[in-house]
Amino acid sequence: MKFMKLGSRPDTFITTEAVRSVNSEVISDLIVQVKGSRYLLHKFPLLSKCLRLQRLCSESPETSQHQIVQLPDFPGGIEAFELCAKFCYGITITLSAYNIVAARCAAEYLQMTEDVEKGNMIYKLEVFFNSCILSSWKDSIVTLQSTKSFPLWSEDLGITSRCIESIASKVLAHPSKVNLSRSYSKRDPRDDISCNESESRRYKTSSKSWWAEELAELSIDLYWRTVIAIKSGGKVPASVIGDALRIYASRWLPNISKYANLEKQLVHDQSESNSIGKHRLLLESIISLLPAEKGAVSCSFLLKLLKAANILKASCSSKMELARRVGLQLEDASVNDLLIPCVSHTCDTILDVDIVITILQQFKLQGQSPPTSPVRRKGDFERRRSRSAENIDLEFQESRRSSSASHSSKLKVAKLVDGYLQEIASDTNLPLSKFISIAEEIPEFARLDHDDLYKAIDIYLKGHPELNKSERKRLCRILDCKKLSIEVCMHAAQNELLPLRVVVQVLFFEQARAAMTGGHVTELPSNIKALLANHDDTAKTSASFNKAKMTPVNDLKSPKSNLSTLKMKLAEDDDLDEHYADEIGKSSRIRALCVLPNRPKRMFSKLWSNNRSVASEKN
């Protein structure tokens, strides 16, 4: 910490009966009132250096002994006035980064310029500020913080802007050229050194964002301007800027979850409303500072900001900006990151599902995967030949890497979404349409298996027992039974909550898979057959299915009876309206098999051929 001493006389200011005066043989002839405090002083030393006091004394009437001057709007209060008064008397004063702003504003108020006297206070303060304060990293930050008490004066005098420029230039410079201190919140006398001495200690930096924690103590308006100045330099990587914003957010947005229930309770008072407003302004300022580059900040941090935006009722533009950024790197998120609370009293669900849908839509809008090979247009073969083979190979490899990364991200997001569906499925207020909407945001190819999706559907069915048969069939339509593992198929076959159509599909595809791999299919367990019987209300249906139970592959030479049985079972359970029946008929492979029994599908043809080959080998 650098400091400057002015004056050589000892301090002779004393306090008597709540009045400050100078211990002198000369009788005081001037009374100065500063914000409730009275000073008994002398005209000659003060008026010789303060142009404002000269004018006020000439305008105010004189009394028999003292002339009274009132300074109600004096910047810096009695401490700053006393510094100026002692300077006029030649009393020793000590100036540092902690009080230079107050002293500079007070000197400006009193008009202690060179026109009044050479070497006046303003001149000396400016020399100290420019040569010592701005050359030190710590002093620049402390001075910038102190401008918060005098915002208008500091702006007019250029103190704020000069401090910000000094800090930004030091961040952009090589770290070894900057003198750092890890703690500057409290003044340490051991750190004080004279302005004319060289600093004895140099602090080495440990990372590229060495300045982030130092600047995290600034208020949001000063921090915003400082980061803008740093970004405009163009030398600091976007990831370092993002890391600094994360540090600042963790410093000032630690416990905003306490506001989560205020909106629904409608009991927050005025002080809480003001606190929410301050935090909202801080959050939106941080969002505006986020670097544009993808990956500059982590997806987890973006989602934390989105949670805070929801709680603090941030603007829609801020939420959409966060949702867009999250969508660009959604593959890096976790399920817990997506559990964003819904704090609006108009929202029935516990979690904000709509914002997640928006994020998924933004993820889909990233664009199609680039082609896996360079596009060659007709007519530019000669132009291509002029390029080196190395450049073409690099272009091809880069295109393949981009395509692979895009496909890989979709696979990761599919897993993420299925896990998220399992978390929200138990919410009794979650509409079926939103559950289906989230599930359908993922392209079909991205789900390599449907095990996690089945678990989410099962949880939803258990949490919503009021669903009718039509709604359950609509829900299960997003499930592809061919992509279920054997364990999940066994669970689905015994799941009483599933529509019979889904159970039959599970059993059918499981038998077909077993037939293709093992040559024959074992008989169904008795509990599964009983469950299938329970799905139907009539003994006829149970008997018909028992007759049509899955048989060995040898019996598949005559598939007509099995197809007829499946057709019968599906027809018995198919009581949807005509609209849903048509849609299901178009999407269900089983119905296609039933409609065209005389033209068996490839699966059965393969099974029959395999069976014949097995039989011929045995013979």
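Since the structure is predicted, the reported quantities are computational estimates derived from the model, not experimental observations.

**Student:** Even after reading the chapter, I still don't get the overall build of the chain, so can you show me in this structure?
**Tutor:** Summing up its helical and strand segments, the chain has 30 helices and eight strands in all. Looking at the chain as a whole, 47% of its 619 residues qualify as buried. Of all intrachain contacts in the chain linking residues separated by at least 6 positions in sequence, the fraction that spans at least 24 positions is 74%.

**Student:** What should I look at first to understand the side chain of histidine 66 in this one?
**Tutor:** Of note, histidine 66 is situated in the loop between helix H2 (51-59) and strand E6 (67-70). The buried category is assigned to histidine 66, whose relative accessible area is 17%. In this structure the side chain of histidine 66 is engaged in a polar contact, spanning 3.0 Å, whose partner is the backbone oxygen of serine 28. Residues in contact with histidine 66, not counting those within four places in the same chain, are Ser28, Asp29, Leu30 and Ile31.

**Student:** What's the story with the pairing of E6 in this structure? I'm lost.
**Tutor:** A regular strand carries its side chains on alternate faces of the sheet. The alternating pattern of E6 places Gln67 and Val69 on a buried face and Ile68 and Gln70 on a face that is not buried. When strand E4 (residues 30-34) meets E6, the two strands line up parallel, connected through four bridges. Paired with leucine 30 across the two strands is glutamine 67, which belongs to E6.

**Student:** So what exactly am I meant to see when it comes to the nonpolar core here?
**Tutor:** Generally speaking, nonpolar side chains in soluble globular proteins are found buried as a group. In this structure, Leu71, Met112, Trp211, Leu330 and Phe435 are the most contacted members of the largest nonpolar core, which totals 156 residues. Non-local contacts of leucine 71, meaning those with residues more than four positions away in its chain, are made with Val32, Gln33, Val34, Lys35, Leu53, Leu56, Phe81, Tyr109 and Leu110.

**Student:** Please explain helix H22 (residues 469-476) as it appears in this structure.
**Tutor:** Two residues of an α-helix separated by three or four positions point the same way, owing to the 3.6 residues in each turn. Within H22, the full set of buried residues consists of Arg472, Lys473, Leu475 and Cys476. Angular distribution of buried residues about the axis of H22 spans 160°; they occupy a single face of the element.

**Student:** Please explain the side chain of aspartate 352 as it appears in this structure.
**Tutor:** By the secondary structure assignment, aspartate 352 is in the loop between helix H16 (335-338) and helix H17 (353-364). Notably, aspartate 352 is buried but unbridged: the nearest opposite-charge side chain belongs to lysine 319, and the N-O separation is 5.7 Å. Within the structure, aspartate 352 has its side chain in polar contact with the side chain of asparagine 310 (distance 2.8 Å). Setting aside residues up to four positions removed in sequence, aspartate 352 forms contacts with Asn310, Ile340, Pro341, Cys342 and Tyr420.

Reading the values: rules and limits
Residues numbered from 1 in each chain as written. Predicted model: local features only at pLDDT ≥ 70, side-chain atom pairs only at ≥ 80, totals over all residues. Heavy atoms only, no water. Helix = DSSP H or I, 4+ residues; strand = E, 2+ residues; numbered from the N terminus. Buried < 20%, exposed > 50% of the residue type's maximum accessible area, 1.4 Å probe, protein only. Contact = heavy atoms within 4.5 Å. Polar contact = N/O pair within 3.5 Å; in protein donor to acceptor, adjacent residues only side chain to side chain. Pairing = 2+ DSSP bridges. Core = buried A, V, L, I, M, F, W, Y, C linked by side-chain atoms within 4.5 Å. Arc of directions from axis to C-beta. Lys, Arg positive; Asp, Glu negative; His and termini not counted. Salt bridge = Lys/Arg side-chain N within 4 Å of Asp/Glu carboxyl O.

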